[in-house]
Amino acid sequence: MTVKVADDGMCYVCGKKNKAGFQLDFSHPRPGQLAAEVVFKREHQGFKDIVHGGMVAMVLDEMMVNLAWLEGIPAMTVDLSVRLKRAVPIGQKVLLEGFLEAGGRVLSLRATAKNPKGNIYATATAKCLPVARAASR
């Protein structure tokens, strides 16, 4: 079965039409790499003043999938592993990076979240499968 997907601009992480979402802006500095910044708000916390780990996992997943799309390979995550190494503080800049490790039938990607000093908050790896784009209306 082939999955067909369409982007309607409502993605919680990158959708420009989603007023409740992050609306992240990405830079694609070189092939196989993606970068972005995020500042988590109090609405994104788990424990007091600490970002919920699921929110960190979500933005790392987006870094990897969005990179695949920018590389011309529409894909969706089928396996995601996240390692939370440090608590991510609310209200501080977090630098995100995504990397395409290997292409082919199954894409291998990785991503990091770190502070401006380079201390790593979290790392992630993903396996993504290419998908078909749905026809635009």
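Structural data are supplied above this passage.
Analysis parameters
- Residues numbered from 1 in each chain as written.
- Predicted model: local features only at pLDDT ≥ 70, side-chain atom pairs only at ≥ 80, totals over all residues.
- Heavy atoms only, no water.
- Pairing = 2+ DSSP bridges.
- Helix = DSSP H or I, 4+ residues; strand = E, 2+ residues; numbered from the N terminus.
- Contact = heavy atoms within 4.5 Å.
- Buried < 20%, exposed > 50% of the residue type's maximum accessible area, 1.4 Å probe, protein only.
- Axes fitted to C-alpha atoms, helices over the stretch in contact; angles between N-to-C directions.

## Things to note about the pairing of strand S5 (residues 93-102)
- Two strands pair when backbone bridges link them, and strand S3 (residues 33-39) and S5 are joined in this way by 7 bridges, in the antiparallel orientation. Considered in S5, the bridge of Val38 is made with Val94.
- Count of turn residues in the S5/strand S6 (residues 107-114) antiparallel hairpin: 4 residues, of which Gly104 carries a positive phi of about 110°.

## Comments concerning the environment of Val94
- Tracing the backbone through its elements, the reader meets Val94 in strand S5.
- Expressed as a C-alpha distance, the spacing of Val94 and Ala68, which sit 26 residues apart in the sequence, is 21 Å.
- Setting aside chain neighbours within four positions, we find Val94 in contact with Ala36, Glu37, Val38, Phe40, Val88, Ala113, Lys114 and Tyr121.

## Things to note about the pairing of S3
- Summarising burial for S3: 5 of the 7 residues are buried, a large majority.
- Where strand S2 (residues 27-30) lies against S3, 2 bridges are found, and the strand directions are antiparallel. Across the sheet, the residue bridging to Arg30 is Gln33, located in S3.
- The turn linking S2 back onto S3 is made up of 2 residues, and Gly32 within it adopts a positive phi angle of 85°.

## Focus on the sheet that holds S3
- The sheet built from 6 strands is open, its strands ordered S2-S3-S5-S6-S7-S4 with antiparallel pairing. A single partner strand is all that each edge strand has here, and the edge strands are S2 and strand S4 (75-84). Averaged over all neighbouring strand pairs, the angle between strand axes comes to 25°, with direction disregarded.
- When S6 meets strand S7 (residues 120-130), the two strands line up antiparallel, connected through 8 bridges. What sits directly across from Ser108, in S7, is Lys127.
- Sheet strands in contact with helix H1 (residues 53-70) are S2, S3, S4, S5, S6 and S7, and its direction is about 140° off that of S4.

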